[in-house]
Amino acid sequence: MGLEVQRDGKHSFVGRNERGAEVRLGRNGAEGAFSPAELLQIAAAGCSAVTAEELITRRVGEDAKFRVTVNADRREGASELDAVHVAFDVDVSTLTADQREALAGAVDRAIERLCTVSRTLKKGIPVTEEFPAA
């Protein structure tokens, strides 16, 4: 199956993977659903969080809770995003200034090297579509 998106009503879709996970999609502002552009941003934040998790928990503590926020720049009326901004919210108060700086650098390097979503967005790749001809 891979990944799929299936329409289940007017402006209402469900994305699924082979492991049984589902996410609701819809137009911007649809109740209870993410817009595709929101999912793109969530993917960037999620990839950064997953990539940085071990670095953060190793230095801040195994039970460390952290949040990654994301927003995007978009020109009025544009059908594309101009930039995506990811920000970590981590309590680093137990670390020295040097330790905080080292952790921030390690997180940046890990995301640059390993985060598939951010790397792909920065690179820009072709996207193809197929539609039945008959």
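Residues numbered from 1 in each chain as written. Predicted model: local features only at pLDDT ≥ 70, side-chain atom pairs only at ≥ 80, totals over all residues. Heavy atoms only, no water.

So, the packing of helix α2 (residues 97-114) against helix α3 (residues 116-123)
So, step 1. Interhelical geometry of α2 versus α3 gives an angle of 70 degrees and a closest axis separation of 6 Å. Considered as vectors, α2 and α3 are oriented roughly perpendicular to each other. For the element pair α2 and α3, the recorded crossing hand is right-handed. For the pair α2 and α3, contact is made by Ile111, Glu112, Arg113 and Leu114 and by Thr116, Ser118, Arg119 and Lys122, respectively.
So, step 2. Counted by class, the contact of α2 with α3 contains two nonpolar, two polar and four charged residues. (Axes fitted to C-alpha atoms, helices over the stretch in contact; angles between N-to-C directions. Helix = DSSP H or I, 4+ residues; strand = E, 2+ residues; numbered from the N terminus. Parallel < 35°, antiparallel > 145°, perpendicular 65-115°, else oblique. Left-handed = near helix turned anticlockwise from the far one by under 90°. Contact = heavy atoms within 4.5 Å. Nonpolar A, V, L, I, M, F, W, Y, C, P; charged D, E, K, R; others polar.)

Some thoughts on the packing of helix α1 (residues 36-60) against α3
So, step 1. At a closest axis distance of 7 Å, the pairing of α1 and α3 adopts a crossing angle of 125 degrees. If you check the angle between α1 and α3, you find them oblique. Two secondary-structure elements touch here, α1 through Leu40, Ala43, Ala44, Cys47 and Ser48 and α3 through Thr116, Val117, Ser118 and Leu121.
So, step 2. Each residue belonging to the contact of α1 with α3 can be placed in one class, and the counts come to six nonpolar, three polar and no charged.

Remarks on the environment of arginine 119
So, step 1. Mapped onto the fold, arginine 119 is located in helix α3.
So, step 2. A residue is classified by how much of its surface remains accessible, and arginine 119, at 44% relative accessible area, is partly exposed.
So, step 3. With 75 residues separating them along the chain, arginine 119 and alanine 44 place their C-alpha atoms 9.4 Å apart.
So, step 4. Not counting residues up to four positions away in its chain, the partners in contact with arginine 119 are Ile111, Glu112, Arg113 and Leu114. (Buried < 20%, exposed > 50% of the residue type's maximum accessible area, 1.4 Å probe, protein only.)

As for the sheet that holds strand β1 (residues 4-9)
The strands making up a sheet are joined through hydrogen bonds of the backbone, oriented either antiparallel or parallel.
So, step 1. If you trace the three strands from one edge of the open sheet to the other, you get β1-β2-β3, paired in antiparallel fashion. The two strands at the open ends of the sheet, each matched to only one other strand, are β1 and β3 (22-26). When strand polarity is set aside, the average angle formed by the axes of neighbouring strands in this sheet is 30 degrees.
So, step 2. As judged from the five bridges shared by β1 and strand β2 (residues 12-16), these two strands associate in the antiparallel manner. Bridge pairing in β2 links arginine 7 to phenylalanine 13. (Pairing = 2+ DSSP bridges.)

Observations concerning the pattern of salt bridges
So, step 1. Summed over the entire model, instances satisfying the criterion amount to seven salt bridges.
So, step 2. For arginine 67, the salt bridge identified is with aspartate 89, shortest N-O distance 3.6 Å. Taken together, the residues span a long stretch of sequence, with arginine 67 in strand β4 (residues 66-73) and aspartate 89 in strand β5 (residues 83-90) at a distance of 22 residues.
So, step 3. Residue classification places aspartate 89 among the partly exposed positions, given a relative accessible area of 41%.
So, step 4. Among the salt bridges present, the one from lysine 122 reaches glutamate 112, with a minimum N-O distance of 2.5 Å. (Salt bridge = Lys/Arg side-chain N within 4 Å of Asp/Glu carboxyl O.)

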